[in-house]
There are 2 protein chains.
Amino acid sequence: MTPFRVALTGVAGALLLAASPLAAQAPALIPPQGLAAMASEAGRYPLFAQEVARARAEVDAAMKRPIDVPVPRDPGGGVTHEQHKRNYKIIRGAGLLFRITGERRYADHARDMLLAYARLYPGLGPHPARANQNAGRLFWQSLNDSVWLVEAIQGYDAIRGALTPAERKTIEDGVFRPMARFLSDGSPHVFNRIHNHATWANAGVGMTGYVLGDKDLVEKALLGLDKSGKAGFLRQLDLLFSPDGYYAEGPYYQRYALQPFVVFASAIQANDPGRKIFEYRDGIVLKAVTTAIQMTHGGYFFPINDAMPDKSLKTEELYYGVAVAYGATRDPGLLSIAQWQGRTVLTPDGLAVARDLAAGKAKPFPFASKLFRDGPEGDQGALAILRAGLDADDQVLVAKNTSQGMGHGHFDKLHWLLYDQGQPIVTDYGAARFLNIEAKDGGRYLPENDSWAQQTIAHNTLVVDETSHFDAKLKTAEKVAPTQLAFNGEGPTRWSVAEVAGAYKGVRMRRALAQVDVEGLAQPLVVDVMKASSDAAHRYDLPLHYAGHLIETGFDLQSNVTTRPVLGKANGYQHLWVDATGRPAVDEGTVTWLNHGRFYTYRMLPPKGAEVILAESGANDPRFNLRREPVVIQRVDGARDATFVSLLEPHGRYDAAAETTVGSKSGIAGLSHARAGAADIVTIRTKAGRTVVLAFADNTAAGVAHNAQVGGRTLEWTGPVGRFDQ
Amino acid sequence: MTPFRVALTGVAGALLLAASPLAAQAPALIPPQGLAAMASEAGRYPLFAQEVARARAEVDAAMKRPIDVPVPRDPGGGVTHEQHKRNYKIIRGAGLLFRITGERRYADHARDMLLAYARLYPGLGPHPARANQNAGRLFWQSLNDSVWLVEAIQGYDAIRGALTPAERKTIEDGVFRPMARFLSDGSPHVFNRIHNHATWANAGVGMTGYVLGDKDLVEKALLGLDKSGKAGFLRQLDLLFSPDGYYAEGPYYQRYALQPFVVFASAIQANDPGRKIFEYRDGIVLKAVTTAIQMTHGGYFFPINDAMPDKSLKTEELYYGVAVAYGATRDPGLLSIAQWQGRTVLTPDGLAVARDLAAGKAKPFPFASKLFRDGPEGDQGALAILRAGLDADDQVLVAKNTSQGMGHGHFDKLHWLLYDQGQPIVTDYGAARFLNIEAKDGGRYLPENDSWAQQTIAHNTLVVDETSHFDAKLKTAEKVAPTQLAFNGEGPTRWSVAEVAGAYKGVRMRRALAQVDVEGLAQPLVVDVMKASSDAAHRYDLPLHYAGHLIETGFDLQSNVTTRPVLGKANGYQHLWVDATGRPAVDEGTVTWLNHGRFYTYRMLPPKGAEVILAESGANDPRFNLRREPVVIQRVDGARDATFVSLLEPHGRYDAAAETTVGSKSGIAGLSHARAGAADIVTIRTKAGRTVVLAFADNTAAGVAHNAQVGGRTLEWTGPVGRFDQ
């Protein structure tokens, strides 16, 4: 059980160094001009110089310890697992540092590590801690072996020209060829899948093919084991992203999936420029990068599905993504992202980023309202993003009208989020997980991820009869996607209209969300029209999870101040404490909260007889696994059809420094709803005397003319949404 | 009821401008060189230029509206109240802008406003919205009238030289003389008090005396109405601050009180340099400023007593304080505070701050461990601050061993707080109040300020028999202060030892808090030895309010997952929901939480048989007035003497960007306590094999030699605390 420790320094010293000049065996993965520039300009641009220094610190520290290539033993997080992860970083880092600094000791160290692997690897069988058929050899799952290969082959590529033929043969025969064989022909069930794990395998095998000059490996990586194109990297580019570069699992996993795509694409471009890989499928690789960036607010990814809400663009995958995309496009907007990241990668693309940043070429990234269609054909719903402006502080509305997104998807069709002033205002819980924190189930997904985070009630969308969409069954959910009926991201009235049928048997749901600029109001209003129609009577619950301290409600509350009941028994309801309930009359249904010095009033116009529930997560949580966060729920019982009209209004300012408060009261005088001319007519009256009427037509086709009689007045408009200001 | 609106522009235009050169009537409050420098260098230094621009924007906007000097009508927050507040700012701003820019229109505007006041003021009686005997005339309380005078006299001083004798006479006879008379001779019950309200009155009257050349007013302001020195500004300097510059109400109110002290001192210095006001009582005015700054973490004041926790050095009072202190001392540490504030004031001192900041003279402010004695004689307890270092991220421990601090004081003798990484870790609730937010009781203190925030259980100190210190009675509490027995702010073991008798009948409490640097640990440990002794049996509760997400406990919990009981009936206990309870065995009593990527393990060694309660604030709070925050309570029943030894250990790191976690488990192997040789011996064993023994002697006198036999070993030390590392 003792790890296989090898102190190779003496042996290495005795090996003969290759006498041939470096250029004789130029690296395959880095073009020669890039290589020369990295060496000559490494210290010239702060961002790159700092990455070199960071890599030096890491590799130098590793070189002070004996080389440690242990016999595989532990599962994820264990000692041998972590050591092999550290090793591939050091092999890659040392190789690149050799090329950048010219210091031979780095090449020697990478070589000695790889020689140790060449001794270890041939003797390995399936990993002793394997959990399923996808066992690796160095790691408990082959995914990690693929990552090892992607990283280590880059390090080897950098030093290969400085090795003796004998060393090369030892390393290639001992590690790279057998590993590439194992991850391709030896693992067809992984390699030929359309899945993120396969992408890593394809990338590792294909890059190894380029470095070893093995065309067979490259073709298998690109086209699948039978080279038919039914599997392999290109097929993954066809199927894993939508035509708009959206990855079905959502931004958190899109980020995670990105790295093998961009790294392998970069290698293809260097070795096979005729393939025009960056133009493939209308530039899908680059779209995947820019779409990921668009799905952020203040640099943080929208935490839909199983996401950690603290995940930002400051992540290894996006350092690569931004550098590769910049290398391919020289889009100056990417430079401002790199600036915010404060990081780049040790590649010629990273150097270009650092060089052009230093030259002041950065421009703001063109954040904008966007509709990202989901599904390989773009017909599986969409993620709709409405932005009030380009500043980090501007309001962003996200309508989640996407497909289920596989096992990490949440049961939250037509869910929405709101950001303002860099803060989440209408929130998504994300995943119930403490990543890598051992005391919390080893850092894995917690039981509350199933019992709470994935359930519908944990989101801002309609719940029918206290059950989740599709009964929280993945297979059923995968079959049905919402339909994005209309979208407009420009002008003073921006909107998304979507619907879904099948989330509940016999219930059709349609939601219009509009972001409405109103003269005299500093921030846009958000109008939400959520409609359900059914032949049978149901209990309808419409939750809104918000962030902030509750300031006041417009209606009387029955408060549970000494005993808080739990809202329900299952489907997430068991996790909600009921603080208070009330039955607001018309124009009383408001809840106001304070977040970062700004007030938000949520104004509800639920169906008649509705109850409003103020609740908080945290019940039935004996291990304190949940964050405790507030929610407002509009509830109506025994209804067939139901329309919930709501208005979210940011207003006023509390200034802690100056101890002043302005506009703490809502500026809205009234909200009303009517049906007229096959449309939902929403009327907003402000206290300043302005009236804004929005008409949401049932027929959402573009260019269709509509009219409606409202209060003796005829409204006429064209297209899905009309607006009338008075 | 119509406000008294005066459009004086025409009248003003017709008035003859004083033909005499400005220098003929130099301002009294600003020395001539300072005046010349402000005029010639106003645009030269960014910080000052920006203040001039800010003042211009404000005054120019006001000048576009008709002058509005309404007949007083409304209480605080009302229309006429806010208008008179705006007016004094404009009078002062316009006056100074006239001096800085030389633009006559500013002098005219200030003059016209003052002429309007000269018409209004003589006809005013007690304010119609007065609430008690301290009614003002312009405002509902005379405090606001004093503030008006302090501000407006500065504006008048700046323009006086540019007015005709007739204008001067009108303004002085109409406003300044009668107002100064009203606030001094006319309000002896305010003017002669030793109280913050009196300071404002003294300052306004004294400054008016200097401007009008009225020695009588100046002497009354300095020495009280009878000029005996038993009241007045100098007496306030004797009594309101401790010898270390600590103000009994705590930092939040110290900040508030500061402005009239520094502004009037500055005027005294300009007119009466022979008084050496900045040297008075060993430099108490400047100490008050620097002590206020020392009582911050990351720029935010420690929120002890009735404080808003979001209050920082970015506040008008501290812009003045820093500028005046810099003018008097040229201490370059103050420049870095001004830099953090990003603001200064329109005075020659403010100009000097901006000039020297621009010249790069700023040095880090010398934050350090400090003992600030409380009480005029320094014998009413103390605030002890222990700092691990100078960086904003370094750990800060605050031991609140101060006196009650009047009506805004909390019943929390020997309470403590901890900050780390710029975050509160062991917290103080502060005040239950939403300042100026109308929906929350008009922004006043909420009922929960009495029922929760001031109660002992809301703090991190011992509660006996579920009642608060001094039964939460202010008069009783004012009579007893803790005794600071020992303090050491230097070296690797820093400590505070204090005791109090009388918070509970027959119970004596002593607490030692130590901040302990240990080799191999990145952050200091905090050791807490809280002892109670009594002749009768009691229930002892020791709460620790913490900020962060609970990760794990070292002991089994009985969790209240479907019904959370309320902890008690009164004295703050009615506001706590009980999440879970447990009875940890020795070395099991740990609670670990996560805050900003760092773990904190609180390790408890309570008396035998103790129960641990995990609770959260928010019960019996029908209006959502409370923040919901967690607390751990150690409880022992039926004990006479009780010793609670606790250890707080920061450890590890969770990195969301890199998705890595290290050191999530405590590095402590054991904590034990023994009595030996008239001392409490606390032994800490780390998992790395190190042992640290701390000996807290009963006799805390300096220089006394102690010894104790522990585990067959003799420990010998001198002074209150000994330390032995193995």
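Residues numbered from 1 in each chain as written. Chains lettered and ligands numbered in written order. Predicted model: local features only at pLDDT ≥ 70, side-chain atom pairs only at ≥ 80, totals over all residues. Heavy atoms only, no water.

Draft legend 1. Structural detail: the environment of Arg 65 of chain B. Residue position: Arg 65 of chain B is located in the loop between helix 3 (46–63) and helix 4 (79–101). In this structure the C-alpha to C-alpha distance between Arg 65 of chain B and Gly 389 of chain B, which are 324 residues apart in sequence, comes to 52 Å. (Helix = DSSP H or I, 4+ residues; strand = E, 2+ residues; numbered from the N terminus.)

Draft legend 2. Expanded view of the sheet that holds strand 7 (residues 423–426) of chain B. All names here are of chain B. Strands sit in the order 3-4-5-6-7 across an open sheet of 5 strands; the sheet is antiparallel. Looking at strand neighbours, the two that pair on one side only are strand 3 (370–373) and strand 7, the edges of this open sheet. Direction aside, neighbouring strands of the sheet carry axes that sit 20° apart on average. (Pairing = 2+ DSSP bridges. Axes fitted to C-alpha atoms, helices over the stretch in contact; angles between N-to-C directions.)

Draft legend 3. Up close: the interface of chain B and chain A. Contacts between the two partners involve 50 residues from chain B and, on the opposite side, 49 residues from chain A. The contact between chain B and chain A buries some 4,000 Å² in all, and 55% of this surface belongs to carbon and sulfur atoms. The three residues of chain B that bury the most area against chain A are His 549, Phe 624 and Glu 659 of chain B, which together make up 16% of that side's buried surface. If you look at where chain B meets chain A, you find 8 salt bridges. Here Glu 659 of chain B and Arg 255 of chain A are joined by a salt bridge, their closest N and O atoms 3.7 Å apart. One can count 28 residue pairs in polar contact (both at pLDDT 80 or more) joining chain B with chain A. Of all elements in the fold, only helix 12 (251–271), strand 14 (549–553), strand 16 (576–582), strand 19 (611–617) and strand 23 (660–662) of chain B reach the threshold of two or more residues within the side of chain B that touches chain A. Here the element with the most residues in the side of chain B that touches chain A is strand 14 of chain B; it accounts for 4 residues. Broken down by class, the residue content of the side of chain B that touches chain A amounts to 23 nonpolar, 12 polar and 15 charged. (Contact = heavy atoms within 4.5 Å. Buried area = accessible area lost by both parts, 1.4 Å probe. Salt bridge = Lys/Arg side-chain N within 4 Å of Asp/Glu carboxyl O. Polar contact = N/O pair within 3.5 Å; in protein donor to acceptor, adjacent residues only side chain to side chain. Nonpolar A, V, L, I, M, F, W, Y, C, P; charged D, E, K, R; others polar.)

Draft legend 4. Local environment of the domain arrangement of chain A. One can read the domain layout of chain A as domain 1 (1–183), domain 2 (240–367) and domain 3 (370–725). The gap between the C-alpha centroids of domain 1 of chain A and domain 3 of chain A is 50 Å. (Domains from an automatic or database assignment.)

Draft legend 5. Geometry of the relation of the copies chain B and chain A. Least-squares fitting of chain B to chain A yields an RMSD of 0.1 Å, with the transformation described by 0.1 Å of translation along the axis and a rotation of 180°. Both chain copies can therefore be described as sitting about a two-fold axis. A share of 98% of interface residues in chain B that are also interface residues in chain A marks the association as one of identical surfaces. (Least-squares fit on C-alpha atoms with pLDDT ≥ 70 in both.)

Draft legend 6. How the structure looks around the sheet that holds strand 20 (residues 630–639) of chain B. Residue and element names in this part refer to chain B. Ordered in space as 8-13-20-19-16-15, the 6 strands form an open sheet in which the pairing is antiparallel. Looking at which strands have only one partner, the edges of the open sheet turn out to be strand 8 (463–464) and strand 15 (558–559). Sheet topology places strand 16 next to strand 19; 6 bridges connect them, and they run antiparallel. Bridge assignment links Ala 580 to a residue of strand 19, and that residue is Leu 614.

Draft legend 7. Structural context of the packing of helix 5 (residues 104–120) of chain B against helix 7 (residues 165–183) of chain B. Residue and element names in this part refer to chain B. Two numbers describe how helix 5 lies on helix 7: the axes approach to 8 Å, and their chain directions differ by 50°. As the angle between them shows, helix 5 and helix 7 are arranged oblique. Pair helix 5 / helix 7 crosses with left-handed handedness. Of helix 7, the residues touching helix 5 (which contributes Arg 111, Leu 114, Leu 115, Tyr 117 and Ala 118) are Glu 167, Thr 170, Ile 171, Gly 174, Val 175 and Phe 176. When its residues are assigned to classes, the contact of helix 5 with helix 7 shows 7 nonpolar, 2 polar and 2 charged. (Parallel < 35°, antiparallel > 145°, perpendicular 65-115°, else oblique. Left-handed = near helix turned anticlockwise from the far one by under 90°.)

Draft legend 8. Structural view of the pairing of strand 19 of chain B. Residue and element names in this part refer to chain B. Counting buried residues in strand 19 gives 7 out of 7 residues, a clear majority hidden from the surface. The side-chain alternation of strand 19 yields two buried faces, one formed by Glu 611, Ile 613, Ala 615 and Ser 617 and the other by Val 612, Leu 614 and Glu 616. Here strand 19 runs beside strand 20; their pairing, made up of 6 bridges, is antiparallel. For Val 612, the partnering residue across the bridge sits in strand 20 and is Gln 634. (Buried < 20%, exposed > 50% of the residue type's maximum accessible area, 1.4 Å probe, protein only.)

Draft legend 9. How the structure looks around the side chain of Lys 531 of chain B. All names here are of chain B. Looking at the element boundaries, Lys 531 is found in strand 12 (residues 525–534). Taking relative accessible area as the criterion, Lys 531 reaches 19% and is therefore assigned buried. In terms of polar contacts, Lys 531 uses its side chain to reach the side chain of Asp 680, at 2.6 Å. When residues no more than four places from it in sequence are discounted, the contact partners of Lys 531 are Arg 508, Met 509, Arg 510, Ala 642, Thr 643, Arg 675, Asp 680 and Asp 698.

Draft legend 10. Representation of helix 5 of chain B in the model. Helix length check: helix 5 of chain B (17 residues) gives 25 Å between terminal C-alpha atoms against 24 Å at 1.5 Å per residue, within 8%. The buried count for helix 5 of chain B comes to 14 of 17 residues, which makes it a mostly enclosed element. (Expected span 1.5 Å × (residues − 1).)

Draft legend 11. Inspection of the UniProt feature "domain: Alginate lyase" (unreviewed entry) in chain A at higher detail. Under the present numbering, the feature "domain: Alginate lyase" (unreviewed entry) in UniProt falls on residues 89–283 of chain A. Between the C-alpha atoms that bound residues 89–283 of chain A there is a distance of 30 Å. The span itself is 66% helix and 0% strand. (UniProt positions renumbered as here; feature names shortened; annotations may be inferred.)

Draft legend 12. The pattern of salt bridges, seen in detail. Applying the stated rule across the entire model yields 101 salt bridges over all chains. Between Glu 552 of chain A and Lys 665 of chain A there is a salt bridge whose closest N-O contact spans 3.2 Å. Linking Glu 552 of chain A in strand 14 (residues 549–553) with Lys 665 of chain A in the loop between strand 23 (660–662) and strand 24 (668–676), this pair joins segments that are 113 residues apart in sequence. Look at Lys 665 of chain A and you get partly exposed, because its relative accessible area is 38%. The residue Arg 235 of chain B makes a salt bridge to Asp 238 of chain B at a minimum N-O spacing of 3.5 Å. Of this pair, Arg 235 of chain B and Asp 238 of chain B are both found in helix 11 (residues 233–239), 3 residues apart, which corresponds to roughly one turn of the helix. Owing to a relative accessible area of 30%, Arg 235 of chain B belongs among the partly exposed residues under this scheme. Connected through shared salt-bridge partners, Arg 160, Lys 169, Glu 172, Asp 173, Arg 177 and Asp 214 of chain A make up one network.

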